[in-house]
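Given next are the chains, with one letter for each unit.
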Amino acid sequence: MNFRRRHQREEPEINLIPLIDLLLVILIFLMVTTTYSRFSELEVNLPQANGQAETQKTTNIRVEVAVGGSYAVEGQTLPGNDVAALAALLKRQAAGKSSPVVIINADAKASHQSVVTVMEAARQAGLTQLTFATQRSTP
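Residues numbered from 1 in each chain as written. Predicted model: local features only at pLDDT ≥ 70, side-chain atom pairs only at ≥ 80, totals over all residues. Heavy atoms only, no water.

Caption draft 1: Molecular detail of the pairing of strand E1 (residues 60–65). With burial as the criterion, only one face of E1 is covered, namely that bearing Ile61, Val63 and Val65; the residues Asn60, Arg62 and Glu64 on the opposite face remain uncovered. Two elements, E1 and strand E4 (residues 101–106), share 6 bridges in a ladder whose sense is parallel. Across the sheet, Asn60 pairs through a bridge with Val101, a residue of E4. Pairing of E1 with strand E2 (residues 71–73), which is carried by 3 bridges, proceeds in the antiparallel orientation. For Val65, the partnering residue across the bridge sits in E2 and is Tyr71. (Buried < 20%, exposed > 50% of the residue type's maximum accessible area, 1.4 Å probe, protein only. Helix = DSSP H or I, 4+ residues; strand = E, 2+ residues; numbered from the N terminus. Pairing = 2+ DSSP bridges.)

Structure, rendered in structure tokens:
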């Protein structure tokens, strides 16, 4: 005989109201702190090239600059390091040529002043188009 009364146990249940409140607060926080960025694109209309191929070939004047600061224009070595002499030689080389391009081929160990001297001589000779010759480095 069992005189004890059987007590019915209450089933445990999860209270969802605090969970819903917490999720609602997090949702409101995320909505307030989110920034919406609008991406705008630039509409660019590129020009059309209707020109013909270049009929006139540019002429080059090669100027070599050695380590010691000596110059050679088209293989002709300049005796001194004078800017005026270099400008005169460049002017003679450019005579009769239309829009010549001066290509400066300087040694890697040549001083910056030597290259600037060539640029100054080209300016004095009236040659405005300059470029530098380089070589690819081997890996």
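Caption draft 2: Structural detail: the confidence of the model for the protein. Chain-level statistics for the protein give a pLDDT mean of 80 and a share of 77% at 70 or above. Confidence scores differ between elements of the protein, with strand E3 (residues 76–77) showing the lowest mean pLDDT of 84 and helix H1 (residues 17–33) the highest of 92. (pLDDT = per-residue confidence, 0-100.)

Caption draft 3: Quick peek at the sheet that holds E2. Across the sheet, which stays open at both edges, the 5 strands sit in the order E3-E2-E1-E4-E5 with mixed pairing between neighbours. Here the strands that pair on one side only, and so sit at the sheet edges, are E3 and strand E5 (130–132). In this sheet, E5 lies alongside E4 in parallel orientation, the contact comprising 3 bridges. Directly across from Ile104, in E5, lies its bridge partner Phe132. Here helix H2 (residues 83–94) sits on the sheet and contacts E1, E2 and E3; the angle it forms with E2, its principal contact strand, is near 15°. Each of E1, E2, E4 and E5 is contacted by helix H3 (residues 112–124), which is oriented at about 165° to E4, the strand it contacts most. (Contact = heavy atoms within 4.5 Å. Axes fitted to C-alpha atoms, helices over the stretch in contact; angles between N-to-C directions.)

Caption draft 4: Inspection of unusual backbone geometry at higher detail. The backbone of Glu74 shows a phi angle near 50°, a positive value even though the residue is not glycine. Locating Glu74 in the fold gives a position in the loop between E2 and E3. Judged by its relative accessible area of 38%, Glu74 is partly exposed. Positive phi outside glycine occurs at Ser99, with the angle close to 45°. Relative to the elements of secondary structure, Ser99 occurs in the loop between H2 and E4.

Caption draft 5: Structural context of a nonpolar patch on the surface. On the surface, a cluster of nonpolar side chains totalling about 930 Å² of accessible area is made up of Ile14, Leu16, Leu19, Ile20, Leu22, Leu23, Ile26, Phe29 and Leu30. Structurally, Leu22 is set in helix H1. (Patch = residues over 30% accessible without salt bridge, like charges linked within 9 Å, V, L, I, M, F, W, Y side chains within 5 Å. Areas by Shrake-Rupley, 256 points an atom, 1.4 Å probe, with all protein chains shown as cover. Salt bridge = Lys/Arg side-chain N within 4 Å of Asp/Glu carboxyl O.)

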